[in-house]
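In case you want the letters, here they are:
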Amino acid sequence: MGRRDDRDAGSFDNSERRGGPRLAPKKPKLPEPRIAEGVTGKELDRSIHVQLRTLSKENAEGVAQHLVMAAALLEVDDFIGAEAHAETAVRRAGRVPAAREALGLVAYRKGEWARALSEFRTARRLSGSSHMLALMVDCERGLGRPERALELAMSPEARSLAVEDRVELAIVISGIRRDLGQLDAARLALEIPQLKGSSRKPWAARLSYAYAETLLATGREEDAREWFARAADADHELETDAAERLAELDGVILTDLLEGEDDDTDVSDPRDRGADRSEVEGGRGRDEDVR
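Right, let's walk through the structure included here. The structure displayed is predicted, hence computed values, not measured ones.

### Regarding helix H10 (residues 204–217)
No. 1: Here H10 contains 14 residues, and its C-alpha end-to-end distance of 20 Å stays within 8% of the 20 Å for a straight helix at 1.5 Å per residue.
No. 2: Judged by how many residues are buried, H10 sits mostly within the fold: twelve of 14 residues are covered.
No. 3: Buried within H10 are the following residues: Ala204, Ala205, Arg206, Leu207, Ser208, Tyr209, Ala210, Tyr211, Ala212, Glu213, Thr214 and Leu215.
No. 4: Packed against the buried residues of H10 are helix H8 (163–179), helix H9 (183–190), helix H11 (221–234) and helix H12 (242–249).
No. 5: Looking one or two residues beyond H10, the residue adopting positive phi is Gly219, at roughly 90 degrees.

Right under this line is the structure:
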C-alpha cells in the first residue's frame, strides 16, 4: 500500500527532472530575396522609418531594404519579386503597418482582393490610419460587394481623409456607381471642388480621365472629349491612356510602327517590360475607368 507500481512509471512524464520539457525544433529560416546593389533602405519616407524604430537597428535596416525593393519591383509589374520582398518584410516585422501595406498593395495589383483587403485592414488596425480606405473600398468592389463597398466609402473615417485620398475615393465610388448602372450618381461623385483645380496636382489627370469616361457613358461625347484633353494635358507621368482615347474620339488611327518586328526582350521577366501602368499607392482604382 502507498507504493506506486513500477509498471506505471512509464506513464509519468519525468522530463522536468531531466532538465525540462524538450524544446520544439525551430523552423528553418526561409531564404530571403536578394537586395539590389545600391539599395540602402534610406529611400523610404521618414514616416516609415518612424514605424521601424520599434525594431532592432539591424532588422529595421533589412526591412527597409525589402520595402524599397517591393515598391521598385511593383513599379515595373514584377509581382513575383515584389511579393517575395513584401512577404519577407512581413515575416521580419509583422506589426509594422508599412510592411502589411506593402503586401496588401502587391495582392491588390494581382487582383487578390480578399488578401489585399485583409492586409489593409491589419495595417489600419496597427496604425490607426485610414489612408488606404479607397483601396479597401475598391477591394470590396472587386469581391462583387458594391453595397458593402459604398457603406465603407461613406463611413466616418472617409471624412477625415487627406485631399488626395478623398479624390481617389471619389474615383472609386464613381466606378462602383457605373457598375450599378447609376450613371448620374457616377458623374456627381466626381463633381468635387478638385475637379476644376490645378492641372499640376498629382490627381488631376486621373480625376479628369474618370470624369471623361463617365461623361462618355452618359452620351455626352463632346464634353467627354474636353475632359480627355484635360487629362492628357495633365498626364505628365503617362498614368492614363487619355491621349489615345482623345485620338479615338477624333477618328485618328494610331499605328504601332514596331508591330511585327522581333522583340529580343525576355517577356517572362516583367522587369524588362518597363513601367506602363498607374501607380496604386495613392489609392488607384482597379479597372479602365481609373487607368
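### Digging into the packing of aromatic side chains
No. 1: For the structure shown, the criterion picks out three aromatic pairs.
No. 2: Aromatic side chains Tyr209 and Phe228 sit 5.4 Å apart centroid to centroid with 75 degrees between the ring planes, which places their arrangement in the edge-to-face category. With Tyr209 in helix H10 and Phe228 in helix H11, the pair connects residues that are 19 residues apart, well separated along the chain. A single burial state applies to Tyr209 and to Phe228, both of which are buried.
No. 3: Lying over the aromatic face of Trp227, Arg230 brings its terminal NZ or CZ to 4.1 Å of the ring centre.

### Some points on the pattern of salt bridges
No. 1: Enumeration over the complete set of coordinates arrives at 21 salt bridges.
No. 2: With a shortest N-O distance of 2.7 Å, Asp77 and Arg109 are connected by a salt bridge. Residue Asp77 is found in the loop between helix H2 (57–75) and helix H3 (79–92), and its partner Arg109 is found in helix H4 (residues 97–109); the two are separated by 32 residues along the sequence.
No. 3: By relative accessible area, which is 14% here, Asp77 ends up buried.
No. 4: Arg109 sits in the buried class, given a relative accessible area of 17%.
No. 5: Between Glu140 and Arg145 there is a salt bridge; the shortest N-O distance is 2.7 Å.
No. 6: Here Arg145 falls in the partly exposed class, since its relative accessible area comes to 27%.

### Looking at the packing of helix H6 (residues 133–142) against helix H7 (residues 146–153)
Pairs of packed helices are described in terms of their axes, by the angle between the two and the distance that separates them.
No. 1: Contact pair H6 / H7: the axes reach a minimum separation of 7 Å and the direction vectors enclose 165 degrees. Taken together, the axes of H6 and H7 lie roughly antiparallel to each other. Every pair of crossing elements has a handedness; the one defined by H6 and H7 is right-handed. Contacts between H6 and H7 involve Leu133, Met136, Val137, Glu140 and Arg141 from the former and Arg148, Ala149, Leu152 and Ala153 from the latter.
No. 2: Grouping the amino acids of the contact of H6 with H7 by side-chain chemistry returns six nonpolar, no polar and three charged.

### Side note on the environment of Arg121
No. 1: Its place among the elements puts Arg121 in helix H5 (residues 113–127).
No. 2: Looking at Arg121, the relative accessible area reads 41%, which means it is partly exposed.
No. 3: Separated by twelve residues in sequence, Arg121 and Leu133 have C-alpha atoms that sit 9.2 Å apart.

### Details of H8
An α-helical turn contains 3.6 residues, so any two residues separated by three or four positions project in the same direction.
No. 1: With 17 residues, H8 extends 25 Å from end C-alpha to end C-alpha; this agrees with the ideal 24 Å at 1.5 Å per step.
No. 2: Within the span of H8, buried status applies to Asp165, Val167, Glu168, Leu169, Ala170, Ile171, Val172, Ile173, Ser174, Gly175 and Ile176.
No. 3: On its buried side, H8 packs onto H6, H7, H9 and H10.

### Focus: unusual backbone geometry
No. 1: Unusually for a residue other than glycine, Asp77 sits at a positive phi of about 65 degrees.
No. 2: Its identity is not glycine, yet Leu238 carries a phi of approximately 55 degrees, on the positive side.
No. 3: The topology assignment puts Leu238 in the loop between H11 and H12.

Calculation notes
- Residues numbered from 1 in each chain as written.
- Predicted model: local features only at pLDDT ≥ 70, side-chain atom pairs only at ≥ 80, totals over all residues.
- Heavy atoms only, no water.
- Helix = DSSP H or I, 4+ residues; strand = E, 2+ residues; numbered from the N terminus.
- Expected span 1.5 Å × (residues − 1).
- Buried < 20%, exposed > 50% of the residue type's maximum accessible area, 1.4 Å probe, protein only.
- Contact = heavy atoms within 4.5 Å.
- Phe/Tyr/Trp six-rings, centres within 6.5 Å; stacked < 30°, edge-to-face > 60°.
- Lys NZ or Arg CZ within 6 Å of the ring centre and 35° of its normal.
- Salt bridge = Lys/Arg side-chain N within 4 Å of Asp/Glu carboxyl O.
- Axes fitted to C-alpha atoms, helices over the stretch in contact; angles between N-to-C directions.
- Parallel < 35°, antiparallel > 145°, perpendicular 65-115°, else oblique.
- Left-handed = near helix turned anticlockwise from the far one by under 90°.
- Nonpolar A, V, L, I, M, F, W, Y, C, P; charged D, E, K, R; others polar.

So, to be careful, I would describe these as geometric facts and stop short of saying anything about function.
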